[in-house]
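Residue-level structural notes
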Amino acid sequence: MEGLYVVLALVALVVITIAKGVRIVPQGSKHIVQRLGKYYRTLTPGMNVVIPYIDQVPYKVTTKDIVLDIPSQEVITQDNATIIANAVAYINIVSPEKAVYGVEDYEIAIQNLVQTALRSIVGEMSLDAALSSRDLIKAKLKEGISDDIADWGINLKTVEIQDINPSATMQKAMEEQAAAERQRRATVTRAEGEKQAAILEADGRLEASKRDAKAQVVLADASREAIERVTQAIGDKEMPVMYLLGERYIGALSELSQSDNAKNVIFPADLPQAVKGLLNR
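In what follows, the accompanying structure is described. Predicted model only: the values in this text are computed from it and were never measured.

1. Points about the overall build of the chain
When its secondary structure is counted, the chain shows 8 helices and 8 strands. Looking at the 281 residues of the chain, the share that counts as buried comes to 25%. For the chain, the exposed surface amounts to about 19,300 Å²; the carbon and sulfur share of it is 55%.

See below:
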C-alpha cells in the first residue's frame, strides 16, 4: 500500500509539473516570464512551454487598447482665470516588458503626465482661447507626452478633452459681466432712441416753423395784393371804402357778441360816422 501511495504521489507531481510547464495565453494578452527573478521572455497568445518551478509568470499584460480617465483639475490660464478641465487617453502597450519594468504604475504615471502637460498648455493660453481651442490643446498634449511614454513601451493613440469649463466662481463672474454688458447695450440703445426721437421732433418743429413762416409770407403777399387791387378799384371814392370797412366792422362786432365773455354789445348810433373815425376823417 505504501508503494501505491508513492506511485500516486509521483503521478500527481508529474501532472502538476506538466501543468506548470504549459502556459495558455489568451488572445489580447501577453505574459511576462521571469527566470529565477530575472526577466526571461514574453509569452504570446497560444500555448507556451516554460520550465516548471524555475520560470514564473508574475505579470499578465493586455495588448488591447486601454482607456485612461484623467481626473478633473483646476487650471490657471494666462489671464489668471480658473477653469476645470479633464481628459481621456487611449493607449496601447506594445512592449509589455518595458511597461512593467520601466515604471512602477504606468496608468498613474500617464495620468500625472497628462495633467501636468494640460496645466502647462492651458497656462500659456487666455481664457477665451482655452475654451475654444480643444483641438489645439489635444494636439499639444499628444505631442508633449508621446515621447515620454514611448520609453515605457506604450503608444499614445489619442487624447481627448472631455470637459473644459470655467470654475463656479469664474462662471458667476462671467455671467455678471455678461449681464452688465447687456444692460449697458440696452442703456445705449435707449439713449440712442431718445436722441433720434429728439432730433426728429426738433426737425419737425423746424419744418413746421418754416412752413408757418412761408404761410405768413403768402398771407402777407395776398393781403398786400388785395389792398393794392382795392386801392386801384376805388381810387379816391369814399363810399366803397366806407362800405367795406363798415362790413368788416359789423362782422367783428357780430363775432364779439357770440363770445362767451360778451354780455352786451352796443352798436354805434351813427355807423357812417364811426367808420369815418376809423378813416381818421
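Still more to cover.
2. Topic: the packing of aromatic side chains
Aromatic ring pairs: the centre-centre distance and the angle between the two ring planes describe each pair. Overall, the coordinates contain 2 aromatic pairs when judged by the stated rule. Judged by centre distance (5.8 Å) and plane angle (70°), the rings of Tyr39 and Tyr101 are edge-to-face. Here Tyr39, found in strand E3 (residues 38-43), pairs with Tyr101, found in helix H2 (residues 96-101); they are 62 residues apart in sequence, far enough to count as distant. Using a relative accessible area of 37% as the deciding quantity, one classes Tyr101 as partly exposed. Through successive ring pairs, a cluster of aromatic residues spans Tyr39, Tyr59 and Tyr101.

3. So, the environment of Leu68
Residue position: Leu68 is located in strand E6 (residues 66-76). Residue classification places Leu68 among the buried positions, given a relative accessible area of 3%. Along the backbone, Leu68 and Ile91 are 23 residues apart, and their C-alpha atoms lie at a distance of 7.7 Å. Setting aside anything within four residues of it in sequence, one finds Leu68 in contact with Ala87, Val88, Ala89, Ile91, Glu107 and Ile110.

4. Notes on unusual backbone geometry
Generally, phi is negative for residues other than glycine and the peptide bonds are trans, each holding for most cases. One non-glycine residue, Leu36, lies in the positive phi region at around 55°. Along the chain, the position of Leu36 falls in the loop between strand E2 (29-35) and E3. We classify Leu36 as exposed; its relative accessible area is 71%. Phi at Asn80 takes a positive value of approximately 65°, unusual for a residue other than glycine.

5. Quick word on the pattern of salt bridges
Tallied over the entire structure, the rule returns 7 salt bridges. Ionic pairing is found between Lys157 and Asp65, a salt bridge with its closest N-O pair at 2.9 Å. In this pair, Lys157 is assigned in strand E8 (residues 154-166) and Asp65 in the loop between strand E5 (55-62) and E6, connecting sequence segments 92 residues apart. Assessed through its relative accessible area of 40%, Lys157 is described here as partly exposed. We note a salt bridge from Arg205 to Glu201, for which the minimum N-O separation is 3.2 Å. Taken as a pair, Arg205 and Glu201 lie in helix H6 (residues 168-234) at a separation of 4 residues, close to a single helical turn. Where salt bridges share partners, they join Glu181, Arg184 and Arg185 into one cluster.

6. Concerning the sheet that holds E8
Sheet architecture is open: 3 strands sit in the order E6-E7-E8, paired in antiparallel fashion. One side of each edge strand has no neighbouring strand; the edge strands of this open sheet are E6 and E8. Neighbour to neighbour, the strand axes of the sheet diverge by 20° on average, direction disregarded. Pairing of E6 with strand E7 (residues 82-93), which is carried by 9 bridges, proceeds in the antiparallel orientation. Across the sheet, the residue bridging to Leu68 is Ala89, located in E7.

7. Concerning the sheet that holds E2
Taken in spatial order, the 3 strands of this open sheet run E3-E2-E5, and their pairing is antiparallel. Because the sheet does not close on itself, it has two edges, and the strands there are E3 and E5. Across this sheet, the average inter-strand angle for adjacent strands is 30°, counted without regard to direction. Summarising the sheet, E2 and E5 pair through 6 bridges and their orientation is antiparallel. Note on E5: the bridge partner recorded for His31 is Lys60.

8. Topic: the nonpolar core
Within the largest apolar cluster, 37 residues are counted, with the highest numbers of intra-cluster contacts made by Ile91, Tyr106, Ile110, Ile137, Leu141 and Ile154. For this core, the element with the highest residue contribution is helix H3 (residues 106-123), accounting for 8 residues. Excluding anything up to four places from it in sequence, Ile91 contacts Lys64, Asp65, Ile66, Leu68, Tyr106, Ile110, Ile154, Asn155, Leu156 and Lys157.

9. Points about helix H5 (residues 134-150)
When the terminal C-alpha atoms of H5 are compared, their 24 Å separation across 17 residues agrees well with the 24 Å that a helix rising 1.5 Å per residue should span. Where H5 is concerned, the buried positions are Ile137, Leu141, Ile145, Ser146 and Ile149. The secondary structure elements touched by the buried residues of H5 are H3, helix H4 (127-132) and E8.

Criteria and cut-off values
Residues numbered from 1 in each chain as written. Predicted model: local features only at pLDDT ≥ 70, side-chain atom pairs only at ≥ 80, totals over all residues. Heavy atoms only, no water. Helix = DSSP H or I, 4+ residues; strand = E, 2+ residues; numbered from the N terminus. Buried < 20%, exposed > 50% of the residue type's maximum accessible area, 1.4 Å probe, protein only. Areas by Shrake-Rupley, 256 points an atom, 1.4 Å probe, with all protein chains shown as cover. Phe/Tyr/Trp six-rings, centres within 6.5 Å; stacked < 30°, edge-to-face > 60°. Contact = heavy atoms within 4.5 Å. Salt bridge = Lys/Arg side-chain N within 4 Å of Asp/Glu carboxyl O. Pairing = 2+ DSSP bridges. Axes fitted to C-alpha atoms, helices over the stretch in contact; angles between N-to-C directions. Core = buried A, V, L, I, M, F, W, Y, C linked by side-chain atoms within 4.5 Å. Expected span 1.5 Å × (residues − 1).

Such coordinate-based values are descriptive only and should not be taken to indicate function.
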